[in-house]
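Reading the structure
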Amino acid sequence: GRCRLVLEAVCKEGGVASHQQTFAMAKDLELPPVDEKKVGSLYSKTDLMKVMSEYFNDALPRAGYVEDHFWINIRIMLCVACCGFGMYAQFGTKFPKDRHMLALCVAGYFIFSGVLALLDYWVISMSVMCIKVGEDSVFVDVNLPAFSHEVTLSLRSRAKKVSQKDSIGKYFDTEGILRPANVFSDFTELLRKYELKDSGKENKKNQ
């Protein structure tokens, strides 16, 4: 409906000069070498998020940003613990002989599953990856609400958060090909704002 028409209009606005602008921005930004990425459907949230996630995971390490695996490793360990409780309850116990051990396994499974759900909701949230910025572990968030053409890119840590909202049509052309220069330039601008956020507060205090 309306969202589809808006997305088509935004994609077409830069259709004529989009590739020329991309090449010009690429020269200034020194884009990391990443294979061309194309979305299956411009109207599929899943496809759009998948391509954006793949780009950041490919481009940022090649641009010199160090990926932080701490929270992902914690998540993997919680998943392994859940699987361990489930497997032992299934293959290592017999009911009713081992009903107490079976009850412990069930309780352990639900406890670790609950911790995993809280980790996904409060910590990982909309992040596609986590990188190191100085001493901070910074999540790169990509949020595209259902039935909306506006995508929000964010950099988030415990101490601060910066965001930028724009139409998804800015990052894909009418053929569904990702515009890497637009994505990377907005990321670098967000990173600049993130690094200046505390210094701006300190300057106000000094004044």
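Look a little higher up for the structure.
Let me begin by describing the structure that accompanies this report. (Residues numbered from 1 in each chain as written. Predicted model: local features only at pLDDT ≥ 70, side-chain atom pairs only at ≥ 80, totals over all residues. Heavy atoms only, no water.)

Some thoughts on the overall build of the chain
Stated precisely, the cut-off is as follows: Numbered from the N terminus, helices here are DSSP runs of H or I no shorter than four residues, and strands are runs of E no shorter than two. By definition, residues are in contact when any of their heavy atoms lie within 4.5 Å. Per-residue accessibility takes into account occlusion by the displayed protein chains alone, with areas from the Shrake-Rupley method and a 1.4 Å probe.
Per the secondary structure count, the chain includes 6 helices and 4 strands. Tracing the chain from N to C terminus, the helices and strands come up as α-α-α-α-α-β-β-β-β-α. Contacts spanning at least 24 positions in sequence make up 59% of the contacts within the chain whose residues lie at least 6 apart. Entry remark: accessible area of the chain is about 12,900 Å², with carbon and sulfur atoms responsible for 58%.

Some thoughts on the packing of aromatic side chains
Just so we agree on the cut-off: Two aromatic rings, drawn from Phe, Tyr or Trp (for Trp, its six-membered ring), form a pair once their centres lie within 6.5 Å of each other, and the interplanar angle then sorts them: stacked below 30 degrees, edge-to-face above 60, tilted otherwise. Exposure is judged per residue with a 1.4 Å probe applied to protein chains only, and the accessible area is read against the type maximum: over 50% gives exposed, under 20% gives buried, and values in between give partly exposed. The criterion for a charge sitting over a ring is simple: Lys NZ or Arg CZ within 6 Å of the ring centre, and within 35 degrees of the ring normal.
Inspection of every chain in the model, using the stated rule, returns 8 aromatic pairs. Measuring from ring centre to ring centre gives 5.5 Å for Tyr 109 and Phe 110, while their planes differ by 85°; the resulting arrangement is edge-to-face. The exposure class of Tyr 109 is partly exposed, given its relative accessible area of 36%. Through a chain of ring-to-ring contacts, three or more aromatic side chains come together here, namely Tyr 55, Phe 56, Tyr 65, Phe 184 and Phe 187. Sitting above the plane of the Tyr 194 ring, Lys 160 keeps its charged end 4.3 Å from the centroid.

Here we look at the packing of helix H4 (residues 70-91) against helix H5 (residues 99-124)
Going by this rule: As a rule, the C-alpha atoms of each element are fitted with a line to give its axis, helices using only the stretch in contact, and angles between N-to-C directions run from 0 to 180 degrees. Roughly parallel means an angle under 35 degrees; roughly antiparallel, over 145; roughly perpendicular, 65 to 115; everything else is oblique. Should the near helix be turned counterclockwise from the far one by less than a right angle, the crossing is left-handed, whereas a clockwise turn marks it as right-handed.
With their axes 9 Å apart at the nearest point, H4 and H5 run at an angle of 160° to one another. With respect to H5, the axis of H4 lies roughly antiparallel. In this structure, the crossing between H4 and H5 has a hand that is left-handed.

A closer look at the sheet that holds strand S2 (residues 136-143)
Our working definition: Pairing between strands requires that DSSP locate at least two bridges from one strand to the other.
Strand order in the open sheet formed by 4 strands is S1-S2-S3-S4, with antiparallel pairing between adjacent strands. The open sheet has two edge strands, strand S1 (127-133) and strand S4 (161-167), and neither has a second partner. Each strand of the sheet is rotated relative to its neighbour by a mean of 15°, with strand direction disregarded. Here 5 bridges tie S2 to strand S3 (residues 150-156), and the two strands are oriented antiparallel to one another. By the bridge assignment for S3, Val 142 is matched with Leu 153.

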